[in-house]
Amino acid sequence: MNVSTETVPGGRIVRQSWASRYGATLAMPAGIVVLLILGTVLSDRFLSVGNLTNVLINMSIVGIIVVGMTFVFVSRGMADLSVPATVAVGGILVLMLDDVIGTWPAALVGVLVASLAGVVNGLLIGYAGLNPVITTLASGIIVLGIAQAFVGGVIVYGQDAAAKDVLTGRLFGVVPIIVLVFLLVALLGHLALSRSVFGRWTYAVGSNPHATEASAVPIRLVKAGAFVLTATLAGFSGVLLGISLQAARPEIGTGYEFDAITAVVVGGVSLLGGSGSVPRAIGGLLFVTLLNNILILQGVPSEPQGMVKGALIAGAVALDVYLRRRGGRE
């Protein structure tokens, strides 16, 4: 049997079979190709420029959040469930303040306030050692409640049509600007996770936190930083969404946390921490977005779509556990 060894972050050496080493890597591109073929066969609209452009635009807002969520997963932070609240904060603040201080300064305020929520999460999780899921769920409920009280639960409308035109415009009349923004964030996130000291620390913390702590790596800072980054990017997504729509309400981010988690897990980023990458997470997002698009074109109701996403998560987690056990055993 073709077996190799690999030293994972944290200094631990595991034996890996061909399946555990390459299976997850090859599965995603193959799955995307299958969906492209399936979509083409089922609908003559699937490969149209308009439809594929919509797929990319729909990916962009969630994709920015996916970049941050990847850091949370790799650092063994489980998940950030406060995303809907930080998305709402970014979208609401940019529209509330655009006619007071201008759209772009208001956008900065929206991102900074969302980041503040991430700082609170980071302190509670990284330094106080609280459970990430419970902590971010609670903080998200609190922040969302504050946002609802602040605006009275109503829709906030923007006043800057020019800013909307910038984000909804297209470079050379072809590539949507918002897609370029997403690709830039994804590239920076990939470089930060794969090439920076903080990225190496993130892998080490997720792989073997006890050994990493003995190596003088600031574990608490790394874990806190992952949640600050996710909140910042979620706030940024909310800002982009608010400007693009020129309307925002407290529930504007509902479901984005589930979409981001689905993309990251399907992309092969391990729930157990220490492995995964931004490109793989983006591949998972593309897979899920294409699948959703096919279901929509076929007129499938939203409820079965949710069931499909749930099944994808369960299957991806089961595959992750299987490959890790197989890789460690053989």
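Caption draft 1: The environment of Leu272, seen in detail. For Leu272, the location among the structural elements is in the loop between helix 11 (256–266) and helix 12 (278–297). Classification of Leu272 as partly exposed rests on a relative accessible area of 42%. Residues Leu272 and Ser75 lie 197 residues apart in sequence; the distance between their C-alpha atoms is 8.7 Å.

Caption draft 2: Layout of the side chain of Asn293. One can find Asn293 in helix 12. By relative accessible area, which is 11% here, Asn293 ends up buried. Among all residues touching Asn293, those that are not within four sequence positions of it are Phe46, Asn51 and Val55.

Caption draft 3: Layout of the packing of aromatic side chains. Counting across every chain of the model gives 1 aromatic pair. Look at Phe71 and Phe198: their rings are 6.3 Å apart centre to centre, the planes differ by 25°, and that puts the pair in the stacked class. With Phe71 in helix 2 (residues 49–74) and Phe198 in helix 8 (residues 197–207), this residue pair connects regions lying 127 residues apart in the sequence.

Caption draft 4: Fine view of the packing of helix 2 against helix 12. Contact geometry for helix 2 and helix 12: axes closest at 9 Å, N-to-C directions at 140°. Classified by the angle between their axes, helix 2 and helix 12 sit oblique to one another. Seen along the crossing, helix 2 lies across helix 12 with a hand that is right-handed. Mapping the contact onto sequence places Asn51, Val55, Met59, Val62, Gly63, Val66, Val67 and Thr70 in helix 2 and Val278, Ala281, Ile282, Leu285, Leu286, Thr289, Leu290, Asn293 and Leu297 in helix 12.

Rules behind the numbers
- Residues numbered from 1 in each chain as written.
- Predicted model: local features only at pLDDT ≥ 70, side-chain atom pairs only at ≥ 80, totals over all residues.
- Heavy atoms only, no water.
- Helix = DSSP H or I, 4+ residues; strand = E, 2+ residues; numbered from the N terminus.
- Buried < 20%, exposed > 50% of the residue type's maximum accessible area, 1.4 Å probe, protein only.
- Contact = heavy atoms within 4.5 Å.
- Phe/Tyr/Trp six-rings, centres within 6.5 Å; stacked < 30°, edge-to-face > 60°.
- Axes fitted to C-alpha atoms, helices over the stretch in contact; angles between N-to-C directions.
- Parallel < 35°, antiparallel > 145°, perpendicular 65-115°, else oblique.
- Left-handed = near helix turned anticlockwise from the far one by under 90°.

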